[in-house]
Every structure is written in C-alpha cells, then in structure tokens.
Amino acid sequence: MVETQDTSCIAQLGWADMRLPIVYSVSWPHRLKMPYKPLNLAEIGSLTFKAPDTEKYPCISLAYEAGKKGGTMTAVLNAANEAANEMFREDVGLGFLDIPKLIEGAMEAHKEDFKVDDVTLDDILSCDAWAREYVAENTKNVAKAPILFT
C-alpha cells in the first residue's frame with residue numbers, strides 16, 4: 001500500500017500467489033493478460049493487517065530509516081540492497097542474513113557524506129556507485145557484524 005500526502009492509501013491487490021508479482025516485475029511497464037481467476041474481494045470476505053515483523057525482516061527497519069532521512073540515503077539503501085542480493089545469488093559465500101548487515105553498514109558509512117538538500121542526479125549516481133563498491137569491498141567482513149537498526 002502507498003499512502004499519499006492526503007492520507008489516502010493506494011493498494012495493488014491479488015491472490016496470495018507469487019506468480020502474479022513475478023510476472024508483474026518482469027513485464028514492467030506492461031500488464032500481461034493472465035489466465036488467473038479474477039480477484040473477488042467478496043469471496044475473500046475480509047483482509048487482516050499486522051505490523052511488520054522487523055526482527056524477522058530487518059531490511060524493513062533500514063528502509064524506514066532511509067526514508068525518514070531522505071536525501072541520498074535512499075539511493076545508498078537501494079544500491080546496497082541490489083548489490084548484496086546480486087552477491088548472494090552469485091553464491092560467493094554471502095549468507096542471506098548478511099544482506100541487511102551490508103545495507104546497514106553502507107548506510108552507516110554514508111552518514112559522513114549524506115546530502116539532503118539540493119540533491120542532483122549526479123549525487124544519486126555517485127551514491128549508487130559508492131554503495132555498490134562498499135558492498136563489494138565489505139562482503140567478507142560482514143558475517144560478524146551485528147544488526148543495529150531493529
């Protein structure tokens with residue numbers, strides 16, 4: 001769900017099945033006609049919402065932290081996340097639970113160069129490249145680092 005500045009929320013809903021989000025991610029920006037049963041909210045009956053489990057999913061806290069800081073921090077979070085996930089998938093010895101440690105380390109290190117005002121595209125691209133390099137350089141050291149934001 002996305003909350004807009006007028007406090008209304010926009011949601012994309014579908015059946016509890018990962019096929020649709022996967023198709024959506026690889027077909028963007030297009031929408032493909034799919035052979036799935038249409039979503040029927042009356043058939044579902046009700047929706048239940050719970051607070052996210054930030055212990056089980058520590059990257060949620062990191063995303064909120066970057067969003068609150070704004071500026072170049074969101075670019076660092078995104079690039080570190082992409083780079084850490086790529087390294088995990090390349091099977092270079094990085095554990096799944098090491099991903100948030102790398103992201104958090106990049107965010108902590110970026111506080112020295114953090115910029116919130118007059119952010120340019122060059123600033124974003126520079127932060128993106130820096131965060132990817134940070135992840136590449138710190139992958140071997142991250143397994144012993146504790147997660148700070150929870």
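The structure under discussion appears in the preceding block.
Just so it is clear, the model here is predicted, and its values are computed rather than measured.

A. Structural detail: helix α4 (residues 73-89). With 17 residues, α4 extends 24 Å from end C-alpha to end C-alpha; this agrees with the ideal 24 Å at 1.5 Å per step. Among all positions of α4, only M73, A75, V76, L77, A79, A80, A83, A84 and M87 are buried. On the buried face of α4, the contacting elements are α3 (59-69), α5 (99-110) and α6 (121-138).

B. Local environment of the side chain of T139. In this fold, T139 is placed in the segment after α6. Classification of T139 by relative accessible area gives buried; the value is 10%. Only 2.6 Å separates the side chain of T139 from the backbone oxygen of V135, close enough to count as a polar contact. Beyond its immediate sequence surroundings of up to four residues, T139 is in contact with M87, V92, L94 and L102.

C. Focus on α5. Taking 1.5 Å per residue as the helical rise, α5 with its 12 residues ought to reach 16 Å, and the 17 Å between its terminal C-alpha atoms agrees with that figure. Most of α5 is tucked away: 10 of the 12 residues are buried. Those residues of α5 that fall on the buried side of the exposure criterion are I99, P100, K101, L102, I103, E104, G105, A106, M107 and H110. Elements in contact with the buried residues of α5: α3, α4 and α6.

D. Geometry of the packing of α3 against α5. Across the interface, α3 lies against α5 with an axial gap of 10 Å and an inter-helix angle of 20°. Relative to α5, the element α3 lies roughly parallel. As α3 packs across α5, the resulting crossing turns out to be left-handed. Along its contact with α3, which presents C59, L62, E65 and A66, the element α5 presents P100, I103, E104 and M107. Along the lines of polarity and charge, the residues of the contact of α3 with α5 split into six nonpolar, no polar and two charged.

E. Quick peek at the nonpolar core. In this structure, V76, L77, A80, L102, I103, M107 and V135 are the most contacted members of the largest nonpolar core, which totals 22 residues. Looking at this core, the elements with two or more residues in it are α3, α4, α5 and α6. At nine residues, the largest contribution of residues to this core is made by α4. With near-sequence residues (within four places) excluded, M107 lies in contact with L62, E65, A66, M73, V76 and L77.

Rules and cut-offs
Residues numbered from 1 in each chain as written. Predicted model: local features only at pLDDT ≥ 70, side-chain atom pairs only at ≥ 80, totals over all residues. Heavy atoms only, no water. Helix = DSSP H or I, 4+ residues; strand = E, 2+ residues; numbered from the N terminus. Expected span 1.5 Å × (residues − 1). Buried < 20%, exposed > 50% of the residue type's maximum accessible area, 1.4 Å probe, protein only. Contact = heavy atoms within 4.5 Å. Polar contact = N/O pair within 3.5 Å; in protein donor to acceptor, adjacent residues only side chain to side chain. Axes fitted to C-alpha atoms, helices over the stretch in contact; angles between N-to-C directions. Parallel < 35°, antiparallel > 145°, perpendicular 65-115°, else oblique. Left-handed = near helix turned anticlockwise from the far one by under 90°. Nonpolar A, V, L, I, M, F, W, Y, C, P; charged D, E, K, R; others polar. Core = buried A, V, L, I, M, F, W, Y, C linked by side-chain atoms within 4.5 Å.

Keep in mind these values describe shape, not function.
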